[in-house]
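This is what each chain is made of:
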Amino acid sequence: MRSSRRKSFLVRTLTDVYIVGSGETKYGELWEKSLRELAVEAGLKAVEDAGIYSKDIQILYGSSSLAGSINGQNDIGSLIADFSGLASSNIPALRIEASSASGAAAVREAYLAVRSGEYDVAMVGGVEKMTDIYGSETLDLIGTTLDREWEWFMGATPAAMAAMTARKYMKDFKVEKESLAMVSVNDHENASKNPNAHFRNRLTLEGAMGATMIADPLNMMDCSPMSDGASAIVLASDRYVKAHKLDGVKIVSSGISQDYLALHSRESFYRLNSTAIAGRTALSKAGIKASDVSFLELHDSYSIYALIELEDLGFAEKGQANQLVGDDIKLNGSIPVNPSGGLKAKGNPMGATGIGQFVEAYLQFMGKADGRQVKSPKYGMLHNMAGTGSTSLVHIVGGA
Amino acid sequence: MGELSSIWRESSHRYRLVGHKCGNCGTVYFPPRDICIKCHRESIGKISECNLSGKGEIVSFTIVHDVPPAFARQRPYAMALIKLEEGPILTAQIVDSDMDEIEIGRKVSAVFRRIREDGKSGLIQYGYKFVLDG
Ligand SMILES: [Zn+2]
């Protein structure tokens, strides 16, 4: 009697967690919309899509990378809660920040809050309003994703760091610049079928190769844009989903890892340890292999990172991801990459970007991705990364 | 953005290329670290300053065309990852050199230069850059 009681006390009662709704603004240069309008638009769409009421939300996580710097607005959690009409609910509302990985970091916190059994319904909303200041000033602020004192101070930009990784990678593995450009061509092709994408134009290989130089060898078509935009999802526990007969897409597992803040401190400039470890963690917690994944959303803030991520996430040997960028990464290929259009073409509103990947996965599994629908997906892998790889998050979704 | 005090705090390391050395295992760090990443607590109280020669080799580089406001007058400029002969790798500009001659593996030496100027405050900040060895 005594021992069985003790045993039951030790059983962990973790619940499964489902995405039950998603909402998103268009990504792009949205001159007419403010930070709070974007956040509220995405949040309300997600609540409506989930078929719940605002008052059903028990906890809220907001995500933004630069709102404090660009818009002078902090406490994004309260902002979203307040203007979504939730202030009188007095629910917990926090902002999660991990530079360009803020979005997935916020989803992970909400996932853990629901998975622990503490809350049944959580909302995650990410927003960035990047075009309120001049582009060169924004460039200064996205330098906050680097080591401020020992990289940015010396004149490094995020593009410059990615460019130095690209140059060494291309030299050591004899990879041509065309292989990087094909990542952007694929992003634009998929984004042409995504009504919320920042850029919906198709991109030719010649167009990608001939663009204005940003940080040699990376040109403008290797670099994700500065986008305005907001994305939101609603998460619910297994028991809540069953009690309210909701449709949902399961978050199967979550992995997070960290590496040296500055690129120069790492043992390799083209091995993303945080990404590799977060990926292995997510796969092992899900009990699946990379070959079970039906599509990827990769954090390709710069084209070179997509190649390196394919390798570090287990889809290619080091230096050989160029073999995948021809046909395999296309929508109908063996491992579709960025059906949403990715950071290059769907856009990169930093704090919203990682949540936008969950919006895409939700649409894919609900069969609502229209012209960019991946055929019968089993598992989706979502990868969101801070700066040059100081923090990475990998989530596995689907698996129904 | 409150850069001023942090700039002065790090100025000796930046002006004279002073690193930190672990007295337990001998590893040299630049940028400086207050704890050795190999020895952890064994290094506490055993980290001392050490002067670096400023000699190194280019590990990778880029020519930056899209530049932050504080570097507007230097556009375009070369940035590099440089491995110092004492071991550490740092991020710095390559100056006073023909950009076409910059290559991975080229030997470089540190020089003292103006790094950046803040247009709003007028503050000019100095530190190390590198030149190609002849
Ligand atoms: Zn040591």
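Values in this document were obtained by computation on a predicted structure and should not be read as measured data. (Residues numbered from 1 in each chain as written. Chains lettered and ligands numbered in written order. Predicted model: local features only at pLDDT ≥ 70, side-chain atom pairs only at ≥ 80, totals over all residues. Heavy atoms only, no water.)

Asker: How should I be thinking about the overall build of chain B in this particular structure?
Answerer: A count of helices and strands for chain B gives two helices and eight strands. Each helix (α) and strand (β) of chain B, taken in turn from the N terminus, gives the series α-α-β-β-β-β-β-β-β-β. Each principal axis of the C-alpha atoms in chain B carries an extent, and together these give about 45 × 35 × 20 Å. For chain B, the proportion of its 134 residues judged to be buried stands at 47%. Working note: accessible area of chain B is about 6,800 Å², and carbon and sulfur atoms make up 49% of it. (Helix = DSSP H or I, 4+ residues; strand = E, 2+ residues; numbered from the N terminus. Buried < 20%, exposed > 50% of the residue type's maximum accessible area, 1.4 Å probe, protein only. Areas by Shrake-Rupley, 256 points an atom, 1.4 Å probe, with all protein chains shown as cover.)

Asker: Help me understand the interface of chain A and chain B, please; the structure alone is not making it clear to me.
Answerer: Contacts between the two partners involve 32 residues from chain A and, on the opposite side, 38 residues from chain B. Roughly 3,100 Å² is buried in total at the junction of chain A and chain B, and carbon and sulfur atoms are behind 67% of that figure. It is A:Trp150, A:Phe153 and A:Met154 in chain A that bury the most area against chain B; as a group they hold 25% of the surface buried on that side. Run the count over chain A and chain B and you get zero salt bridges. Where chain A packs against chain B, one counts 13 residue pairs in polar contact (both at pLDDT 80 or more). At the level of secondary structure, the elements contributing two or more residues to the side of chain A that touches chain B comprise α6 (135-142), α7 (158-173) and β5 (213-215) of chain A. If you tally residues by element for the side of chain A that touches chain B, the top one is α7(A), at seven residues. Grouping the amino acids of the side of chain A that touches chain B by side-chain chemistry returns 17 nonpolar, six polar and nine charged. (Contact = heavy atoms within 4.5 Å. Buried area = accessible area lost by both parts, 1.4 Å probe. Salt bridge = Lys/Arg side-chain N within 4 Å of Asp/Glu carboxyl O. Polar contact = N/O pair within 3.5 Å; in protein donor to acceptor, adjacent residues only side chain to side chain. Nonpolar A, V, L, I, M, F, W, Y, C, P; charged D, E, K, R; others polar.)

Asker: Quick question: what am I supposed to make of helix α2 (residues 35-50) of chain A here?
Answerer: The α-helix winds at 3.6 residues per turn, so residues separated by three or four positions along the chain end up facing the same way. All names here are of chain A. Taking 1.5 Å per residue, 16 residues should reach 22 Å; α2 reaches 23 Å between its end C-alpha atoms and fits that length. Those residues of α2 not exposed but buried are Leu35, Leu38, Ala39, Val40, Ala42, Gly43, Ala46, Val47 and Ala50. Residues of α2 that are buried make contact with β1 (17-24), α3 (67-70), α4 (76-86), β4 (121-128) and β7 (229-237). (Expected span 1.5 Å × (residues − 1).)

Asker: Explanation requested: the layout of surface pockets in the structure shown.
Answerer: If you add up the space inside the largest pocket, you get close to 830 Å³. Around the largest pocket, the lining comprises 40 residues; the ones closest to its centre are A:Cys223, A:Ser224, A:Pro225, A:Met226 and B:Asp66. Mapped onto the lining of the largest pocket, the elements with two or more residues apiece are α6, α7 and β5 of chain A. For the lining of the largest pocket, the leading source of residues is α6(A), giving five residues. Across the lining of the largest pocket, the residue classes tally to 20 nonpolar, 16 polar and four charged. (1 Å grid on protein atoms, 1.4 Å probe; cavity = no way out; pocket = protein on both sides within 12 Å on 5 of 7 lines; lining within 4 Å. Points joined across faces, edges and corners; volume = space filled by probe spheres on them.)

Asker: Can you help me understand the coordination of the zinc ion in this one?
Answerer: The textbook angles at a metal center are 109.5 degrees for a tetrahedron of four donors and 90 or 180 degrees for an octahedron of six. Residues and elements named next belong to chain B. Protein-derived ligands of the zinc ion are Cys22 (SG), Cys25 (SG), Cys36 (SG) and Cys39 (SG), with the metal-ligand distances lying across 2.3 to 2.4 Å. Linear spacing of the donor residues for the zinc ion on their chain is C-x2-C-x10-C-x2-C. Of this pair, Cys25 sits in the loop between β1 (18-22) and β2 (28-29) while Cys39 sits in the loop between β2 and β3 (47-51), and the two are 14 residues apart along the sequence. For Cys25, a relative accessible area of 37% gives the class partly exposed. On the basis of relative accessibility, which here comes to 13%, the residue Cys39 falls in the buried class. (Donors = N, O, S within 2.8 Å, 3.2 Å for Na, K, Ca; no water.)

Asker: Just to check I follow, could you spell out the pairing of strand β6 (residues 89-94) of chain B for this structure?
Answerer: Successive side chains on a regular strand alternate, one facing one side of the sheet and the next facing the other. Residue and element names in this part refer to chain B. Most of β6 sits inside the fold, with six of its six residues counted as buried. In this sheet, β6 lies alongside strand β5 (residues 77-84) in antiparallel orientation, the contact comprising six bridges. Within β6, the position partnered with Ile82 by the bridge is Leu90. Where β5 folds back on β6, the antiparallel hairpin that results is connected by four residues, among which Gly87 adopts a positive phi of roughly 120°. (Pairing = 2+ DSSP bridges.)

Asker: Can you help me understand the sheet that holds strand β9 (residues 295-297) of chain A in this one?
Answerer: Two orientations exist for strands paired in a sheet by backbone hydrogen bonds: parallel and antiparallel. Residue and element names in this part refer to chain A. Read across the sheet, nine strands follow the order β3-β2-β4-β7-β1-β8-β11-β10-β9 without closing on themselves; strand pairing throughout is mixed. Whereas interior strands pair on both sides, the edge strands pair on one side only; in this sheet they are β3 (93-96) and β9. For this sheet the average axis-to-axis angle between neighbouring strands, irrespective of direction, equals 25°. Sheet analysis places strand β10 (residues 379-386) next to strand β11 (residues 391-398), joined by eight bridges and oriented antiparallel. Directly across from Met385, in β11, lies its bridge partner Ser392. (Axes fitted to C-alpha atoms, helices over the stretch in contact; angles between N-to-C directions.)

Asker: Quick question: what am I supposed to make of the nonpolar core here?
Answerer: The nonpolar side chains of a soluble globular protein tend to be buried, and buried together. Membership of the largest hydrophobic core comes to 94 residues, with the highest contact counts inside it found for A:Ile304, A:Phe315 and B:Ile94. When residues of this core are assigned to their parent elements, the largest contribution, nine residues, is made by α7(A). Of the domains in this structure, domain 1 (17-51) and domain 2 (53-134) of chain B are the two that each give at least three residues to this core. (Core = buried A, V, L, I, M, F, W, Y, C linked by side-chain atoms within 4.5 Å. Domains from an automatic or database assignment.)

Asker: Just checking my understanding: could you explain the pattern of salt bridges for this structure?
Answerer: As a working rule, side chains carrying opposite charge can pair if their charged atoms are close by. Residues and elements named next belong to chain A. Counted according to the given criterion, the structure contains 26 salt bridges over all chains. Taking the shortest distance from any N to any O, the salt bridge between Glu41 and Lys33 comes out at 3.0 Å. When its relative accessible area of 29% is taken as the criterion, Lys33 is described as partly exposed. Several salt bridges share partner residues, and in doing so they unite Asp16, Arg115 and Lys250 into one network.

Asker: Would you take a moment to explain the environment of B:Glu103 for this structure?
Answerer: Residue and element names in this part refer to chain B. Mapping Glu103 onto the fold places it in the loop between β6 and β7 (107-117). According to the relative accessible area criterion, Glu103 is partly exposed, its value standing at 47%. In this structure the C-alpha to C-alpha distance between Glu103 and Glu57, which are 46 residues apart in sequence, comes to 9.6 Å.

Asker: Honestly, the packing of helix α5 (residues 102-115) of chain A against helix α14 (residues 350-365) of chain A in this entry has me stumped. Any pointers?
Answerer: A packed helix pair is summarised by two numbers, namely the angle formed by the two axes and the spacing between the axes. All names here are of chain A. Running from N to C, α5 and α14 cross one another at 60°; their axes reach a closest spacing of 5 Å. Between α5 and α14, the angle falls in the class oblique. Packed against α5, whose contacting residues are Ser102, Gly103, Ala104 and Val107, the element α14 presents Gly351, Gly354, Ile355 and Phe358 at the interface. The residue makeup of the contact of α5 with α14, split by class, is four nonpolar, four polar and no charged. (Parallel < 35°, antiparallel > 145°, perpendicular 65-115°, else oblique.)

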